[in-house]
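Breakdown of the fold
The lines below spell out each chain.
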Amino acid sequence: MHTVTLIPGDGIGPEVTAAACEVIVAAGVSINWETVAAGTAAIEEFGTPLPQQVLDSVTKNKVALKGPVTTPVAGGFPSVNVSLRKKLDLYCNLRPVQSLPGVNTRYENIDLVIIRENTEGLYGGVEFPAGPDAVVATRIITRAASHRIAEFAFAYAAKRGRKKVTAVHKANILKKTDGLFLACCRDIAQAFPSIAYEEIIIDNLCLQLVQNPHQFDILVLPNLYGDIVSDLCSGFVGGLGLVPGANIGRECSIFEAVHGSAPDLAGKNQANPTALILSSVIMLEHLGEREAARRIRQAVETVLKEGTRLTPDLGGCATTTQYTAALCKALLKS
Ligand code: NAI
C-alpha cells in the first residue's frame, strides 16, 4: 500500500483527479490518499492558498498527484504551483508529448520530451516599480539550476535510449542569463558524447516545431520558454487534455497535467481527464507499479482508438464520467 498526497486543486481539478483515482483503483493499485486543499478551496478554510499542511504532506509522502490550481491574473495571491515547485525544490518539469492512437491531428508519430527548468527564471515573481510609469521584473538564472536541469535531460536521454538533446535559448539578446544556461548545457553535453547536442533560438524553435516537429527529440529549456513551448507541443497531439507531466525533485515529486484549471469547463463534467490519468501512469512507474501503469496506458489507447466515448475536446460527446467508466471497463477486461 502506497501513501500519496492528493491535491485536487480547483476548476476542473476535482473532476480530473477523481477520474484518475477511479482508474487507479480499477487497475488494482491500493493507494492511501492523503487529501489536502490548495488554491481557492484552501483560502476559505485556512486563510491561505498554500497551507503548511500541503508542504508537510508532500514532504512526508514524497509523492503527490495534483490537479490544477487557478492563479489570479494581474494581482491577487502568488501562484500556488510556482510556490510548491520552489519550496519543495522540484527542479525538473518533465512533459512527454506523444501521439495517441485514434486522436486525429495534423501531425502523426509525435514523440517529444520537454524538460523545463522549474525553479527560477522569471518565475521568482520579483517585480518592482522603476519610477511612476515603469516596472521591472528580474530573471534569475543560476549555474547550479542550469547544470542540474541539463544533467537531468542528458541522463534521461541516456536512460531511455534517446538520441538528441536540444537546448533552447534567446542568448542573442539575453546574453548573460541565457548565455549561462547554454554554457551549462554545453558543459554537461561533453559528458554524454553518444547523445547529439544542438542549440536553437526560441523563436526559430517555434517555427521549426510547427513545420517539422520530428526533427526534435528532447528539448531542455529555461522556465518561461518551457511553459510556453509545452502548450504549443500539446497542440500536435490533440490538445491540453492529453499531455501529462511530472515535477521532479531530489526528495519529492508531484505529478500533474500540463493544463490549467480550465474555468470554462469547470463543473460541467466535460473535461478530458486523460492528461492527469497519464500523469498518474508516470507516478505509478515512479512507485514501481509498472504493470498497472502499462495496463492503464493500454486502456487509454484502447478507448481512444474505439472512439465511441470521447470527450468534447476530441470531437466526442461523452462526459468525463462516461469516458472514465469506459477506461475502467477496459481495465477490468485487461
Ligand atoms: P488552461 O490549461 O486551464 O486552459 C486552456 C484551454 O485548454 C481552455 O480552452 C480549456 O478549456 C482547455 N483545456 C484545458 N484542460 C483541458 C482538459 N483537461 N480537457 C479539455 N480541455 C482542456 O489554461 P488557462 O486558461 O491559461 O489557465 C486557467 C487557469 O489555470 C489560470 O488561473 C492559470 O494560472 C491556471 N494554470 C494552472 C496550472 C497548474 O495548476 N499546473 C497550469 C496552467 C495554468
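Here is what the cut-offs are and how they apply
- Residues numbered from 1 in each chain as written.
- Predicted model: local features only at pLDDT ≥ 70, side-chain atom pairs only at ≥ 80, totals over all residues.
- Heavy atoms only, no water.
- Buried < 20%, exposed > 50% of the residue type's maximum accessible area, 1.4 Å probe, protein only.
- Helix = DSSP H or I, 4+ residues; strand = E, 2+ residues; numbered from the N terminus.
- 1 Å grid on protein atoms, 1.4 Å probe; cavity = no way out; pocket = protein on both sides within 12 Å on 5 of 7 lines; lining within 4 Å.
- Points joined across faces, edges and corners; volume = space filled by probe spheres on them.
- Pairing = 2+ DSSP bridges.
- Axes fitted to C-alpha atoms, helices over the stretch in contact; angles between N-to-C directions.
- Contact = heavy atoms within 4.5 Å.
- Near = heavy atom within 4 Å.
- Polar contact = N/O pair within 3.5 Å; in protein donor to acceptor, adjacent residues only side chain to side chain.
- Areas by Shrake-Rupley, 256 points an atom, 1.4 Å probe, with all protein chains shown as cover.
- Nonpolar A, V, L, I, M, F, W, Y, C, P; charged D, E, K, R; others polar.
- Domains from an automatic or database assignment.
- Buried area = accessible area lost by both parts, 1.4 Å probe.
- Salt bridge = Lys/Arg side-chain N within 4 Å of Asp/Glu carboxyl O.
- Expected span 1.5 Å × (residues − 1).
- Arc of directions from axis to C-beta.

1. Observations regarding unusual backbone geometry
A positive phi angle, near 55°, is found at D89, a position not held by glycine. Exposure remark for D89: the relative accessible area of 31% places this residue in the partly exposed category. Phi at A262 takes a positive value of approximately 40°, unusual for a residue other than glycine. Tracing the chain through its elements places A262 in the loop between β12 (253-255) and α9 (274-286).

2. Some points on empty space enclosed by the protein
Enumeration according to the criterion identifies 1 cavity of 30 Å³ or more in this entry. For the largest cavity, the calculated volume is near 30 Å³. Taken together, K66, N81, L84, R85, L90, N247, I254 and E256 make up the lining of the largest cavity. Counting residues per element, the lining of the largest cavity draws most heavily on helix α4 (residues 80-87), which supplies 3 residues.

3. What to know about the sheet that holds strand β8 (residues 164-169)
The strand order β2-β1-β3-β12-β11-β4-β5-β10-β8-β9 describes an open sheet built from 10 strands, whose pairing is mixed. A single partner strand is all that each edge strand has here, and the edge strands are β2 (31-35) and β9 (196-201). Going across the sheet, the axis of each strand differs from the next one's by a mean of 25°, ignoring polarity. Both β8 and strand β10 (residues 218-221) contribute to a ladder of 3 bridges, which runs parallel. Residue pairing for β10: T166 is matched across the bridge by L219. Relative to strand β5 (residues 111-117), helix α5 (residues 143-160) is tilted by about 160°, and along the sheet it contacts β4 (92-98), β5, β8, β9, β10 and β11 (246-248). Contacting β8, β9 and β10, helix α6 (residues 177-190) runs over the sheet at an angle of about 170° to β9.

4. Topic: the site of the ligand
The immediate surroundings of the ligand are formed by 22 residues, with V69, G260, A262, D264 and N272 found nearest. T71 places a polar main-chain atom, nitrogen or oxygen, 2.9 Å from an oxygen atom of the ligand. One of the backbone nitrogen or oxygen atoms of S261 is found 3.0 Å away from an oxygen atom of the ligand. About the coverage of the ligand: the protein hides 69% of its 810 Å² of free accessible area. In terms of residue class, the shell around the ligand is built from 9 nonpolar, 8 polar and 5 charged.

5. Digging into the domain arrangement of the chain
Partitioning the chain into structural domains gives domain 1 (1-94 + 240-334) and domain 2 (111-235). Just the C-alpha atoms count here: the centres of domain 1 and domain 2 sit 25 Å apart. Between domain 1 and domain 2, the contact holds 15 residues from the first and 16 residues from the second. Between domain 1 and domain 2, roughly 1,400 Å² of surface is buried when both sides are summed, and carbon and sulfur atoms account for 55% of that area. Contact with domain 2 buries surface across domain 1, with Y91, N93 and L94 losing the most and accounting together for 40% of the total. At the boundary of domain 1 and domain 2, one finds 1 salt bridge. For the interface between domain 1 and domain 2, the tally reads 5 residue pairs in polar contact (both at pLDDT 80 or more). Elements with a contribution of two residues or more to the side of domain 1 that touches domain 2: α4, β4 and β11. Tallied by class, residues from the side of domain 1 that touches domain 2 come to 9 nonpolar, 2 polar and 4 charged.

6. Remarks on the pattern of salt bridges
Inspection of every chain in the model, using the stated rule, returns 13 salt bridges. For D227, the salt bridge is made with R116, and the minimal N-O distance between the two is 3.7 Å. Separated by 111 residues along the polypeptide, D227 in helix α8 (residues 223-234) and R116 in strand β5 bring together distant segments of the chain. Judged by its relative accessible area of 26%, D227 is partly exposed. Residues joined by salt bridges that share partners form a network here, namely K66, R85 and E256.

7. Thoughts on the side chain of T324
Within the secondary structure, T324 is located in helix α11 (residues 320-333). Judged by its relative accessible area of 2%, T324 is buried. Ignoring any residue separated from it by four or fewer positions in sequence, one finds T324 in contact with A19, E22, V23 and P273.

8. Points about α8
In a regular helix each residue adds 1.5 Å, so 12 residues correspond to 16 Å; α8 covers 17 Å between its end C-alpha atoms and thus fits that length. Burial in α8 covers these residues: N223, Y225, G226, V229, S230, C233 and S234. With its buried residues spanning 150° around the axis, α8 presents them on a single face. Elements in contact with the buried residues of α8: β4, β5, β8, α6, α7 (202-211) and β10.

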